[in-house]
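# Commentary on secondary and tertiary structure
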Amino acid sequence: MWAYDGRIKGNRIAIRKGLLENEKKCILAEELGHYYTGTGDILDQTSLSNRKQELRGRVYAYNRLIGLLGIVRAYQHRCQNFSEMAEYLGVTEEFLADALRYYKGKYGRCAKIDNYVIFFEPSLAVLEIVQDKELKE
């Protein structure tokens with residue numbers, strides 16, 4: 001029995017068999033995050049340094065698979081609920097929820113990107129900012 005769904009050793013990544021494709025995608029992205037941002041064995045999560053490296057790997061995966069632009073694209077694609085959004089992005093609902101908690105912690109109540117504002121509370125919402133040319137003249 002695996003304690004983890006994915007492991008990385010050197011330049012090889014192992015992912016537990018029997019997982020759904022979207023689960024494998026999330027795990028692979030996180031393991032790649034560990035490869036690109038971490039060093040050494042971080043299995044001992046009692047170490048503060050290892051916990052920081054674990055978070056860096058996860059953040060890499062959140063940004064790679066979702067990011068603020070992914071949230072906007074899901075809005076543009078007219079995703080109506082959390083489940084549709086996760087399916088559109090090709091991630092698990094748990095991964096999406098974790099990413100949104102991280103983004104809320106990083107950006108606070110909302111974040112602006114291009115002509116959009118993403119609200120993280122009181123619930124997830126995307127607002128498109130439309131500039132009226134007549135108002136500028």
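See the structure above.
Below is a summary of the structure that appears in this document. Just so it is clear, the structure is predicted and the values come from calculations on it, not from any experiment.

Here is what the cut-offs are and how they apply
Residues numbered from 1 in each chain as written. Predicted model: local features only at pLDDT ≥ 70, side-chain atom pairs only at ≥ 80, totals over all residues. Heavy atoms only, no water. Helix = DSSP H or I, 4+ residues; strand = E, 2+ residues; numbered from the N terminus. Buried < 20%, exposed > 50% of the residue type's maximum accessible area, 1.4 Å probe, protein only. Contact = heavy atoms within 4.5 Å. Pairing = 2+ DSSP bridges. Axes fitted to C-alpha atoms, helices over the stretch in contact; angles between N-to-C directions. Parallel < 35°, antiparallel > 145°, perpendicular 65-115°, else oblique. Left-handed = near helix turned anticlockwise from the far one by under 90°. Nonpolar A, V, L, I, M, F, W, Y, C, P; charged D, E, K, R; others polar. Phe/Tyr/Trp six-rings, centres within 6.5 Å; stacked < 30°, edge-to-face > 60°.

## Remarks on the overall build of the protein
Within the protein, the regular secondary structure consists of 6 helices and 5 strands. Listing the helices and strands of the protein from first to last along the sequence gives β-β-α-α-α-α-α-β-β-β-α. Looking at the protein residue by residue over its 137 residues, the buried ones come to 32%. Pairs at least 24 apart in sequence give 43% of the contacts found in the protein among residues at least 6 apart.

## Section: the sheet that holds strand β4 (residues 116–119)
Hydrogen bonds between backbone atoms are what pair the strands of a sheet, whose relative direction is either parallel or antiparallel. The antiparallel open sheet is built from 3 strands, whose spatial order is β3-β4-β5. Two strands lie at the open edges of the sheet, namely β3 (110–113) and β5 (125–128), each paired on one side alone. Between one strand axis and the next, the sheet turns through 20° on average, direction left out of account. Bridge count between β3 and β4: 4 bridges; the pairing is antiparallel. Considered in β4, the bridge of Ala111 is made with Ile118. Where helix α3 (residues 67–76) meets the sheet, its contacts fall on β3, β4 and β5, and the angle it forms with β4 comes to roughly 100°.

## Let's talk about the packing of α3 against helix α4 (residues 82–89)
Relative orientation of the contacting elements α3 and α4 amounts to 115°, with a least axis distance of 10 Å. By the angle between their axes, α3 is roughly perpendicular relative to α4. Both α3 and α4 take part in a crossing whose hand is right-handed. Where α3 abuts α4, its residues Gly70, Ile71, Arg73 and Ala74 lie against Met85, Tyr88 and Leu89. Within the contact of α3 with α4, the residues separate by chemical class into 5 nonpolar, 1 polar and 1 charged.

## Concerning the packing of aromatic side chains
Per the counting criterion, the structure on display carries 7 aromatic pairs. Their ring planes at 65° and their centres at 5.2 Å tell us that Tyr62 and Phe95 sit as a pair that is edge-to-face. Taken together, the positions of Tyr62 in helix α2 (residues 48–65) and Phe95 in helix α5 (residues 93–107) put the pair 33 residues apart, joining distant regions of the chain. For Tyr62, a relative accessible area of 7% gives the class buried. Residue Phe95 is classed as buried on the basis of its relative accessible area, which comes to 8%. An angle of 40° between the planes, with centres 6.3 Å apart, marks the rings of Tyr103 and Tyr107 as tilted. Here Tyr103 and its partner Tyr107 are both found in helix α5, 4 residues apart, which amounts to about one turn of the helix.

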